[in-house]
Amino acid sequence: MAVPRRTPLPVAVLAAIGAAFVALPLMALVVRAPWSTAGHELSSSGAWTALRLSIVVSACAAGLAVTFGLPLAWVLARSELPGRAVLRALVLLPLVLPPVVGGIGLLAALGRNGIAGRLLSAVGIQLPFTAAGAVVATTFVSMPLAVLAAEAGLRSLDVRLEHAAAAMGASRWYVFRRVTLPMLRPQLGAGLVLVWARALGEFGATITFAGNLAGRTQTLPLAVYQTRVTDPGGAVLISLLLVALSLIVLVALRERLFTR
Amino acid sequence: MRRLLALVAAAALLVPGCARSASAHDRALTVFAASSLTAAFTQIGKDFEAADPGVMVTFNFGPSDGLAASIQSEGTADVFASASGTWMDAVARSPGVSDRADFARNRLVIITPPNDPAKVTSIEDLANPGVKLVLAAAGVPVGDYAREALKSAGVLTPALANVVSNEEDDASVVAKIASGEADAGIVYASDVTEAVAPTVRAVQIPDAQNVIATYPIAVVSGGPQPDLARAFVAFVTGSEGRATLAKFGFLPPS
């Protein structure tokens, strides 16, 4: 445990500037919001439809990201696979790519004329312009966070506990389920929170790959973007809705999952 | 304390230092223009720069509605060229404009992928069940014009039911069709540029149902380069500008 110390003045000053930098735009949104007509604005701007869709899309994307991210993290942390460094760079790439690049790539891969999308459309599956497409785009962008969190967890884990369980005759699946997974819970929880928060805010890949249609692919960020000119007050309110939702996810899940 | 001052000073220097690198030119003209003008204005900008070395024209292309909003909130534009009078009127109210002139017109056209998956030969066909139609969003000029054209063809309601995406601007509609993701879109005739033409098939809309967009240009009041702005507006509305606009598929102003 670190001994609590007085915060050095330079640190405090720069930290205060940093915090104000983040807080100021959020406060400005609160100040600018047309509170007196908020209820009416939100229902007329289609915010509730977008909110529902955002929750469904981000939850599905977070689920998928963890489903595939955890095994990927296992391979990166535990396997002897040659070229793991390259694999890791590849898997983390969506984190630093502009999301619109991801959207164009997804179109080229999974669009109606995409290299794999042709096969999909041959069996009647279409992703662009569907909610499923929004989930795919969002998963693409947010999965690296799940991989990062799970890999960090796997690496920091005390393998002797797993060895001990195995030595006592537990099967590999039993060890994974009853020893590894419970020990990973804080990291997986942290990963899930980040993935979900990132998924809620996803814009570029979604509008590029899935398009923008209310009720089908128009998530909250897209709704903000579309209403910002025709209805600036409504856009501010939807933005606040998004801020509130992200805050709830970050705070609530943190309490539940980070701390054991 | 010295170190603190040094740190804060470094941070304070960082911000303008980073900002300055973005605009090094003394005579930099900022033009906000509708995204349908991208190809034509890029060429006109080069010609304008060639005519007066030392001038640099920076363009901000986007949907006219969005440009008008950012001019009103930020006021950094010298010139505004809009795809509709509505958004120019908005900028004229605040912060104000001068030297306003209509400089071009543009027809609407239907575009489909080259293999025409939904068999679209007329604007009425856009109402056929199952056609994946992409329009610019309502509020974006080309989106509003497209809805007007569908209305005068009597197919607005069934066609809107076919809309799979409301795009940010005409360029995004073209991208969705050129990639073959959607079956049909409505854009400006000028959007079917030489580069785009091989990737889409154009279906003409008869005059009776077509909507002709009129493009106004003006000097934005309070911009940093008013004289240069006036010169640019004169250049666009002059013979050289008109010739370039015609080359890129625009009609002359009425």
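Everything here concerns the structure above.
Enquirer: Whenever I open this one, the sheet that holds strand 5 (residues 108-112) of chain B confuses me. Can you help?
Expert: Picture the strands of a sheet paired through backbone hydrogen bonds; they go either parallel or antiparallel. Residues and elements named next belong to chain B. One open sheet holds the 5 strands; their spatial order is 7-6-8-5-9, and the pairing between them is mixed. With partners counted over all chains shown, the strands left at the sheet margins are strand 7 (163-167) and strand 9 (201-204), one partner each. The average undirected angle you get between the axes of adjacent strands in this sheet is 30 degrees. In this sheet, strand 8 (residues 184-188) lies alongside strand 5 in antiparallel orientation, the contact comprising 4 bridges. Bridge assignment links Ile-110 to a residue of strand 8, and that residue is Ile-186. Of the strands in this sheet, strand 5, strand 6 (133-136) and strand 8 touch helix 5 (residues 141-152), which is tilted by about 125 degrees from strand 6.

Enquirer: What should I look at first to understand the pairing of strand 6 of chain B in this one?
Expert: Residue and element names in this part refer to chain B. In strand 6, alternate side chains face the same way, and those of Leu-133 and Leu-135 on one face and Val-134 and Ala-136 on the other are all buried. By the bridge criterion, 2 bridges tie strand 6 to strand 8 in an arrangement that is parallel. Each residue of the ladder has a partner; that of Val-134, found in strand 8, is Gly-185.

Enquirer: Before we go on, may I ask you to explain the sheet that holds strand 10 (residues 213-220) of chain B in this structure?
Expert: Residues and elements named next belong to chain B. Pairing within the open sheet is mixed, and its 5 strands lie in the order 2-1-3-10-4. In this open sheet, the two strands that pair with only one neighbour each are strand 2 (55-62) and strand 4 (97-106). The sheet shows a mean angle of 20 degrees between the axes of neighbouring strands, direction not considered. Strand direction decides the pairing type here: strand 1 (residues 27-34) and strand 3 (residues 79-81), joined by 3 bridges, are parallel. By the bridge assignment for strand 3, Val-31 is matched with Val-79.

What counts as what
- Residues numbered from 1 in each chain as written.
- Chains lettered and ligands numbered in written order.
- Predicted model: local features only at pLDDT ≥ 70, side-chain atom pairs only at ≥ 80, totals over all residues.
- Pairing = 2+ DSSP bridges.
- Helix = DSSP H or I, 4+ residues; strand = E, 2+ residues; numbered from the N terminus.
- Axes fitted to C-alpha atoms, helices over the stretch in contact; angles between N-to-C directions.
- Contact = placed C-beta atoms within 7 Å.
- Buried ≥ 20, exposed ≤ 12 C-beta atoms within 10 Å, placed from the backbone.

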